[in-house]
Amino acid sequence: MDTKNNISPFGPEQDMLYMELALAQAQKAFDANEVPVGAVVVDESGEVIGQSYNQVECLSTQRAHAEMLALEQASTQLGDWRLDDYWVYVTLEPCSMCMHYMKLSRVKGIVFGADSPLFGYRLDKNIPISVYKRDTVRVVPGVGAEKSVNLLKQFFHKKRACSDKRNRKGETTLTRSQAGA
């Protein structure tokens with residue numbers, strides 16, 4: 001992974017436009033009660049050829065991360081699993097599984113928004129720098145990070161509020177049962 005050259009071939013303004021598309025996908029995940037992560041795959045000319053959002057709960061599979069679904073869509077459209085010279089824009093730092101998948105798909109680079117302190121690939125010291133000889137996956141972190149973080153915070157705040165309501169409701173029922181006993 002090349003983090004020294006933290007720039008995509010499209011430049012910062014275009015990176016933000018692609019990240020906005022990924023954020024729109026993340027909003028779809030949010031609306032579907034999924035962790036709000038979105039991803040888009042862009043070819044060397046700047047055309048979006050794949051896009052998706054987290055669908056882990058909906059599809060009941062841990063492989064339904066936004067990046068993986070967007071890459072599968074791009075591969076299907078191309079008729080080839082090799083995505084040389086393609087870039088992935090994702091709203092959250094990829095996990096180890098997704099990072100390996102992107103490397104095996106031979107993407108040129110990854111641009112992500114928010115850091116993932118719990119599950120991000122940078123926590124996994126077992127990821128080799130080189131998966132295959134010509135490995136030069138470039139990584140551009142922090143693009144649109146504030147918007148990505150805000151959407152994630154909003155989602156988990158909503159989740160906690162729902163959980164708190166369920167817990168309070170259960171406590172109230174328990175208290176009433178105990179009072180009547």
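Within any chain, residue numbers begin from 1 and follow the written order of that chain's sequence. The model is predicted, so local features are restricted to residues of pLDDT at least 70 and side-chain atom pairs to those at 80 or more, both for listing and for counting; the totals for chains, interfaces and linings are taken over all residues. The side-chain figures draw on all heavy atoms in the structure; neither hydrogens nor water molecules are used.

Basic side-chain nitrogens of Lys or Arg form a salt bridge, by our definition, when they fall within 4 Å of a carboxyl oxygen of Asp or Glu. Counted under the stated rule, the structure contains three salt bridges. For Lys147, the salt bridge is made with Glu20, and the minimal N-O distance between the two is 2.5 Å. Note that Lys147 is positioned in helix H5 (residues 145-180) and Glu20 in helix H1 (residues 12-31), a separation of 127 residues in sequence. On the basis of relative accessibility, which here comes to 31%, the residue Glu20 falls in the partly exposed class. With a shortest N-O distance of 3.0 Å, Arg63 and Glu72 are connected by a salt bridge. Where helices and strands are cited, they refer to DSSP runs of H or I of at least four residues and of E of at least two residues respectively, numbered from the N terminus. The buried label applies to any residue whose accessible area, calculated with a 1.4 Å probe on protein chains only, is under 20% of its type's maximum; exposed applies above 50%, and partly exposed to all values in between.

Along helix H4 (residues 96-104), the residues that are buried comprise Ser96, Cys98, Met99, Met102 and Lys103. All buried residues of H4 lie within an arc of 165° about the axis, which places them on one face of the element. Those residues of H4 that are buried lie in contact with helix H3 (66-78), strand E3 (87-92), strand E4 (109-114) and strand E5 (138-140). Of the residues trailing H4, Arg106 is marked for its positive phi of about 65°. Here, the arc refers to the directions that run from the helix axis to the C-beta atoms. Residue contacts are defined here by distance: any two heavy atoms, one from each residue, within 4.5 Å place the two residues in contact.

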